2 protein chains.
Amino acid sequence: MSEMRASAVRPKALFRSTVGDPGPVYPIDRWILSLFLKGIGNPAIRSVLWDGSDISHPGAGRVGMVIRNRATLLRLMANPLLNFGDDYSAGNIEIEGGVVNFLEAVYRGMMRPGRTCRRSRPVAHWLQRNVNSLSDSRRNIHHHYDIGNDFYRLWLDKEMLYTCAYYPAPDATLEEAQIAKMELVCRKLRLKEGDRVIEAGCGWGGLARYMAKHYGVKVRAFNISREQIAYARKRADAESITGVEFIEDDYRNITGECDAFVSVGMLEHVGPSHYRKLGEVINRTLSDTGLGLIHSIGQNVPESMSGWMEKRIFPGSYPPTLKEMAAIFEPYSFSILDVENLRLHYARTCEEWLERFESHRQQVEELFDDAFLRAWRLYLCGAIANFRAGNLQLFQVVFSRFDNNGIPWTRRGDDRGREPL
Amino acid sequence: MSEMRASAVRPKALFRSTVGDPGPVYPIDRWILSLFLKGIGNPAIRSVLWDGSDISHPGAGRVGMVIRNRATLLRLMANPLLNFGDDYSAGNIEIEGGVVNFLEAVYRGMMRPGRTCRRSRPVAHWLQRNVNSLSDSRRNIHHHYDIGNDFYRLWLDKEMLYTCAYYPAPDATLEEAQIAKMELVCRKLRLKEGDRVIEAGCGWGGLARYMAKHYGVKVRAFNISREQIAYARKRADAESITGVEFIEDDYRNITGECDAFVSVGMLEHVGPSHYRKLGEVINRTLSDTGLGLIHSIGQNVPESMSGWMEKRIFPGSYPPTLKEMAAIFEPYSFSILDVENLRLHYARTCEEWLERFESHRQQVEELFDDAFLRAWRLYLCGAIANFRAGNLQLFQVVFSRFDNNGIPWTRRGDDRGREPL
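What you see is a predicted model; the values in this text were computed from it and never measured.

1. Here we look at the overall build of chain A
- In terms of regular secondary structure, chain A is built from 17 helices and 11 strands.
- Expressed as a percentage of its 421 residues, the buried residues of chain A come to 61%.
- Here the analysis covers contacts within chain A between residues at least 6 apart in sequence; of these, 74% occur between residues at least 24 apart.
- Carbon and sulfur atoms make up 53% of the accessible area of chain A, which amounts to about 16,200 Å² in all.

2. Focus: the relation of the copies chain B and chain A
- Between the two copies, chain B and chain A, the superposition gives an RMSD of 0.0 Å; the rotation angle is 180° and the shift along the axis is 0.0 Å. Such values leave the two copies arranged in the relation of a two-fold axis.

3. Digging into the side chain of His269(B)
Residues and elements named next belong to chain B.
- Structurally, His269 can be placed in the loop between β8 (258–264) and α12 (275–285).
- A relative accessible area of 12% means that His269 is categorised as buried.
- Leaving out residues up to four positions away in the same chain, His269 has contacts with Asn132, Ile141, Tyr145, Phe314, Gly316 and Ser317.

4. Looking at helix α11 (residues 226–238) of chain A
All names here are of chain A.
- The terminal C-alpha atoms of α11, which comprises 13 residues, lie 18 Å apart, in line with the 18 Å expected from a rise of 1.5 Å per residue.
- Those residues of α11 not exposed but buried are Glu227, Gln228, Ile229, Tyr231, Ala232, Arg235 and Ala236.
- Of the residues flanking the end of α11, it is Ser240, one or two places downstream, whose phi is positive at about 50°.

5. Considering the pattern of salt bridges
- On inspection of all chains with the given rule, the structure shows 58 salt bridges over all chains.
- Put simply, Arg377(A) and Glu358(A) hold a salt bridge, and the shortest N to O gap is 2.6 Å. Pair noted here: Arg377(A) is in helix α17 (residues 370–389) and Glu358(A) is in helix α15 (residues 343–359), with a separation of 19 residues, a long-range link.
- For Arg377(A), a relative accessible area of 11% puts it in the buried group.
- A salt bridge links Glu257(B) to Arg196(B); the nearest nitrogen and oxygen atoms lie 3.0 Å apart. Taken together, the positions of Glu257(B) in the loop between β7 (244–248) and β8 and Arg196(B) in strand β5 (residues 196–200) put the pair 61 residues apart, joining distant regions of the chain.
- By relative accessible area, which is 45% here, Glu257(B) ends up partly exposed.

6. Points about the interface of chain B and chain A
- Contacts between the two partners involve 47 residues from chain B and, on the opposite side, 47 residues from chain A.
- Interface of chain B and chain A: buried area, both sides summed, is about 4,000 Å²; carbon and sulfur atoms make up 50% of it.
- Looking at the side of chain B facing chain A, the largest losses of area belong to Glu330(B), Trp409(B) and Arg411(B), adding up to 20% of the total buried there.
- At the junction of chain B and chain A, the tally comes to 4 salt bridges.
- Where chain B packs against chain A, one counts 29 residue pairs in polar contact (both at pLDDT 80 or more).
- Every element with two or more residues in the side of chain B that touches chain A is listed here: α5 (99–111), α14 (322–329), β10 (335–341), α15 (343–359), α17 (370–389) and β11 (393–400) of chain B.
- Among the elements that make up the side of chain B that touches chain A, the one with the highest residue count is β10(B) (7 residues).
- Class assignment of the residues belonging to the side of chain B that touches chain A gives a composition of 22 nonpolar, 11 polar and 14 charged.
- Two strands pair when backbone bridges link them, and strand β10 (residues 335–341) of chain A and β10(B) are joined in this way by 3 bridges, in the antiparallel orientation.

7. Details of the environment of Glu245(B)
All names here are of chain B.
- Mapped onto the fold, Glu245 is located in strand β7.
- For Glu245, a relative accessible area of 43% puts it in the partly exposed group.
- Spatially, the C-alpha atom of Glu245 lies 6.1 Å from that of Ala221, the residues being 24 residues apart in sequence.
- Other than its neighbours up to four places away in sequence, Glu245 contacts Val219, Arg220 and Ala221.

8. A few points about the environment of Lys192(B)
Residues and elements named next belong to chain B.
- As for its placement among the helices and strands, Lys192 is situated in the loop between α9 (174–188) and β5.
- When the C-alpha positions of Lys192 and Arg62 are compared, they lie 53 Å apart, and in sequence the two are 130 residues distant.
- Excluding anything up to four places from it in sequence, Lys192 contacts Tyr215 and Val217.

9. Here we look at unusual backbone geometry
Residue and element names in this part refer to chain B.
- Positive phi, normally seen in glycine, also occurs at Met160, with a value near 60°.
- Given a relative accessible area of 2%, Met160 falls into the buried group.
- Here Ser333, not a glycine, exhibits a phi torsion of approximately 55°, which is positive.
- As for its placement among the helices and strands, Ser333 is situated in the loop between α14 and β10.

10. Quick word on the pairing of β10(B)
Residues and elements named next belong to chain B.
- The buried fraction of β10 is high, at 7 of 7 residues.
- Two strands pair when backbone bridges link them, and β10 and β11 are joined in this way by 6 bridges, in the antiparallel orientation. The partner of Ser335 across the bridge, within β11, is Ser400.

11. Here we look at the sheet that holds strand β1 (residues 46–48) of chain B
All names here are of chain B.
- Across the sheet, which stays open at both edges, the 4 strands sit in the order β2-β1-β3-β4 with mixed pairing between neighbours. Only two strands of the sheet have a single partner each, and these edge strands are β2 (54–56) and β4 (93–96). The average angle at which neighbouring strand axes cross in this sheet is 15°, direction not considered.
- Running at roughly 90° to β4, helix α4 (residues 80–90) makes contact with β3 (64–67) and β4 of the sheet.

12. Regarding helix α4 (residues 80–90) of chain A
Residues and elements named next belong to chain A.
- Of all 11 residues in α4, 9 are buried, a share of seventy percent or more.
- Listing the buried residues of α4 in full gives Leu82, Asn83, Phe84, Gly85, Asp86, Asp87, Tyr88, Ser89 and Ala90.
- The secondary structure elements touched by the buried residues of α4 are β3 (64–67), α3 (70–78), β4 (93–96), α5 (99–111), α13 (307–313) and α17.
- Phi turns positive, to about 90°, at Gly91, one or two residues after α4.

13. Describing the sheet that holds β4(A)
Residue and element names in this part refer to chain A.
- Across the sheet, which stays open at both edges, the 4 strands sit in the order β2-β1-β3-β4 with mixed pairing between neighbours. Two strands in the sheet have a free side with no partner beyond their single neighbour: β2 (54–56) and β4. Direction aside, neighbouring strands of the sheet carry axes that sit 15° apart on average.
- In terms of strand pairing, β3 meets β4 through 4 bridges, oriented antiparallel. Note that in β4 the partner of Gly64 across the bridge is Glu96.
- Its contacts with the sheet place α3 against β3 and β4, and it is angled at close to 120° to β3.

14. Examining the side chain of Ser317(A)
- Relative to the elements of secondary structure, Ser317(A) occurs in the loop between α13 and α14 (322–329).
- At 2.8 Å, the side chain of Ser317(A) and the backbone oxygen of Phe314(A) are in polar contact.

15. A look at a nonpolar patch on the surface
Residues and elements named next belong to chain A.
- A contiguous nonpolar patch, built from Tyr26, Ile28, Trp31, Leu35 and Met77 and spanning about 510 Å² of accessible area, is present on the exposed surface.
- Among the elements that take part in the nonpolar patch, helix α2 (residues 27–39) stands out by supplying 3 residues, more than any other.
- Within the fold, Tyr26 resides in the loop between α1 (3–9) and α2.

16. Regarding the confidence of the model for chain A
All names here are of chain A.
- The predicted model of chain A has a mean per-residue pLDDT of 89, with 90% of residues at 70 or higher.
- The low-confidence segment residues 114–122 (pLDDT under 50) makes 23 contacts with residues lying over four places distant or belonging to another chain.
- Among the prediction metrics, the complex's ipTM stands at 0.92, with pTM recorded as 0.92.

The rules behind each value
Residues numbered from 1 in each chain as written. Chains lettered and ligands numbered in written order. Predicted model: local features only at pLDDT ≥ 70, side-chain atom pairs only at ≥ 80, totals over all residues. Heavy atoms only, no water. Helix = DSSP H or I, 4+ residues; strand = E, 2+ residues; numbered from the N terminus. Buried < 20%, exposed > 50% of the residue type's maximum accessible area, 1.4 Å probe, protein only. Contact = heavy atoms within 4.5 Å. Areas by Shrake-Rupley, 256 points an atom, 1.4 Å probe, with all protein chains shown as cover. Least-squares fit on C-alpha atoms with pLDDT ≥ 70 in both. Expected span 1.5 Å × (residues − 1). Salt bridge = Lys/Arg side-chain N within 4 Å of Asp/Glu carboxyl O. Buried area = accessible area lost by both parts, 1.4 Å probe. Polar contact = N/O pair within 3.5 Å; in protein donor to acceptor, adjacent residues only side chain to side chain. Nonpolar A, V, L, I, M, F, W, Y, C, P; charged D, E, K, R; others polar. Pairing = 2+ DSSP bridges. Axes fitted to C-alpha atoms, helices over the stretch in contact; angles between N-to-C directions. Patch = residues over 30% accessible without salt bridge, like charges linked within 9 Å, V, L, I, M, F, W, Y side chains within 5 Å. pLDDT = per-residue confidence, 0-100.

What follows is the structure, given as structure tokens:
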């Protein structure tokens, strides 16, 4: 694990704003704070300034933030969606009452009916216009996924699945829930022995291995993350899993035919301007009787990611609405057969990731540093809060060609004696 | 049953084009026929002219049409989507090899990749722009649904459900499948005793009665069809079902609060320009923890209904894409939780309707006349062909408020010991 890699995720301008005494709080500071709070919808939080004085929403309870100096307050005012993350990471902001609770309160404030603080749609689309060319995508994916398999191993499940799990019951473990997710995907695709499967964006190869091992299918799994592909190949070899070919290439270069096209957690990185291209790839690869499944974070209303998430964590990413996803399906007249929203399952998944992450904080600090640890914590807590507050969704969409009359008759069936999920 | 009512559905310009000898076929007639066939994508059918000569697609088999005279050929050429239906109804066109097979072949020809014969999207939307005001809706609904309960009783199931059934297995009967459909809807809505339900567009009241009787909920069921409401009230009284209030009013006038908002087979009559209004109605009535379900015929790609269907059978109707349905949900940030596409179930439902309809053709002719019988047969056959060819879909969409964390954890559960569906 090199510091160079870690620096990819670490904010460039990360610094503690002041050393030593931040000085007194003036009336103008309180006025700026109140303006800032109004701008984000007066969330139910307590906001404490560096001298201990505060502005508290009546419903705040213990949930709040401490702003450690004036420079931070000004940065918050200037660009809250970018600078909150950077200043929290740098330690210029401290959160009380739990980071998730705090963020959930903030998100709920921003989403209250009648609020207009949401990032605007035209901006969301404009930002997405020219991103994720072939070379952009390589850089963006490298930024997040190539910071080290050792790091992800600390807090992901044994199969290294970095996507929403499926909890048959809320008290299932993460390991159980990730296996159940893979099983759910396989069943929705009605996989049968010998099927040719194309997986677009295979992560560390967990689903590809599962499909080959438990369903006897032949998988061609694509990914542009070098470290993930290397890991996936090694692990498949170690487990003597044949029937999976891991290919380091972009989804746009996929060729060949398949009986099932599956993509779990890639669409977030594709960008709406490339959905039609993704549809074209599916259209040229899916057999006449094939089924497809796309699993992606989504939204009810189109909004861009927060500046901080987009800049520091997931460059080039965008969670689409179902309406936006139509750009994949409509040009080729694909039939949407089934949509399931697993929002609360993703909140649960991220809770378990956070718990494991926090329990390994010492190792994380050894690999990176305190600012990285704080940034990653904020990212995981933000995800939990977003899924809990209903700001983000998780859509699993099953589709086929419009004239495929071999589609499943009902949702039941093809469990082949397996436990119901 | 009055002839006046029947005439509402019967084409105004319905006439046999010629009496007696239609005269010889000239080369120009064959040229016009070939142009017409090219225009609709050269479907795999046999086209026979009035002298017995034909133009046959190599894949036609026994499926074809006989055009009985030149006037019919010219009308087909001028406006196939309107005049085919009128001329078939009038007996100027005969179909060989089965009406469903014939229409399916035609639809598949029109939908072949690369074909541009589909009705265009701007036209589809423009046509829908100014229809279905409050008074339009009354007239349009009266046109189709008030032609007589006695007529519908001849070929619908015992509960008089005029929407897609749900066949737990393909060999279930229509009666079983309609009950299973109501059960499926109730389970998706997770109804529990005492829930307040609003049903928008309740038809003859079958679902409202079922919900009240089997789930102990309180239903307020809305419909603007006078005959349907009268029937629904009478039948609920006869069966001593309390807990249902049938209200003769437009969905736009619905007020009050509900734990479940359900609409089965109404959205087709709403029109995209009113989807936002429907969303507003749901937004003002659905409780914070309520679930909604919309069941509607849909499409993969936006296209207007054929002229004949729109003019003669279902004025003001339009089957939306999922993308278009977003206009209901997005302005209020509703979360789509679940979508199921029951296309093949609707083909099966229409097959059973057609079978029952044909077995009562004598009674239908007594109530109406031969042209009506042929028009209605064409409509039912067209529906079967459209659902089989993948031209029409049937979407069941479950949704809730975005911040409702009491949504069902998985699709399982709440079966309360009932048979799985």
